[in-house]
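# Summary of the model geometry
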Amino acid sequence: MTVAPQDVFPIIVGSGRSGTTLLRTILDGHPRLAVANEPQFTGGVARRRKRLESDGFDRSAFLETVRSNPNYRRLGLDEAAVDASIRRAAPTNTADGVRAVFDVFAASEGKPLYGDKTPGYVVQIPELADMFPEARFIHLIRDGRNVALSYIERPWGPTTVGEAALYWRSRVGRGRAAGSALGDTRYLETRYENLVDDPEEEVRRICEFLDLEFEPEMLQYQKAAETFIASSHQPEAFTALTRPPTSGIRDWSTAMNTDDVALF
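Note that this is a predicted model, so its numbers are computed, not measured.

### Structural notes on the sheet that holds strand S3 (residues 113-117)
What the five strands build is an open sheet, ordered S2-S3-S1-S4-S5; its pairing is parallel. With partners counted over all chains shown, the strands left at the sheet margins are strand S2 (33-37) and strand S5 (187-191), one partner each. Shown here is a sheet whose adjacent strand axes are inclined to one another by a mean of 20°, direction ignored. With five bridges joining them, strand S4 (residues 135-141) and S5 adopt parallel strand pairing. Bridge pairing in S5 places His139 opposite Glu189. Along the sheet, helix H1 (residues 20-28) makes contact with strand S1 (9-13), S2, S3 and S4, crossing S2 at roughly 155°. Of the strands in this sheet, S4 and S5 are in contact with helix H12 (residues 199-209), which crosses S5 at around 175°.

Written as structure tokens, this is what we have:
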């Protein structure tokens, strides 16, 4: 049996510390769309796709791979519902297995459509695009100097401006190369600075790309952001989410010394 995919599977990608959580929170505010926050299992099973499908689709191995991912477990899905969705869908390939799991996620949020925000998928765009013909990628890019400043404040990721610059350049470059190959019907590049300077215009543009109607409540996400922060294992990394989209939260032109600017 082939699982009928939804018309569009939005996937938000980008370098870390680029505002993808903000964009995810906004899109998740759409009454029809539930966007998972870095579940990561999709990329994991994509890398194991050949093994999972080598002798017919191994549903047990698929579910074991999905459930072994700590980020998947944070979704808090009813595992009996996941098992029932897999039995009902009877997937014959990895993509259909993923769709069956995401169907449960969307239903748990009371919405008909699902999406995925995992910045790291910016390096997996080609294989995910091949695996999911319905996938549309939104690549959020932020000024790399502000990304660098954000990273060196955190206890994880690049620890110097030079490391952050190389990391940012690699991620942005790989995303853009993959997007160029996909074309503008499946890949949309958007700037963090545009999102915070004129959120309605930018969100309308993204909704048009996803064939969704723009809903004004998408920009009233602060209450949902408070819930997200409270459930996060690193709440201090997302405190800006409680504000409306605000420019100038971090400004490299005043916060970065001249040597680091030159290095970047």
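Still more ground to cover, so stick around.
### Concerning unusual backbone geometry
The phi dihedral of Arg17 falls on the positive side, at around 60°, and the residue is not glycine. When you line up the elements, Arg17 lands in the loop between S1 and H1. One non-glycine residue, Asp211, lies in positive phi territory at about 60°. If you trace the backbone, Asp211 turns up in the loop between H12 and helix H13 (222-231).

Cut-offs applied
Residues numbered from 1 in each chain as written. Predicted model: local features only at pLDDT ≥ 70, side-chain atom pairs only at ≥ 80, totals over all residues. Heavy atoms only, no water. Pairing = 2+ DSSP bridges. Helix = DSSP H or I, 4+ residues; strand = E, 2+ residues; numbered from the N terminus. Axes fitted to C-alpha atoms, helices over the stretch in contact; angles between N-to-C directions. Contact = heavy atoms within 4.5 Å.

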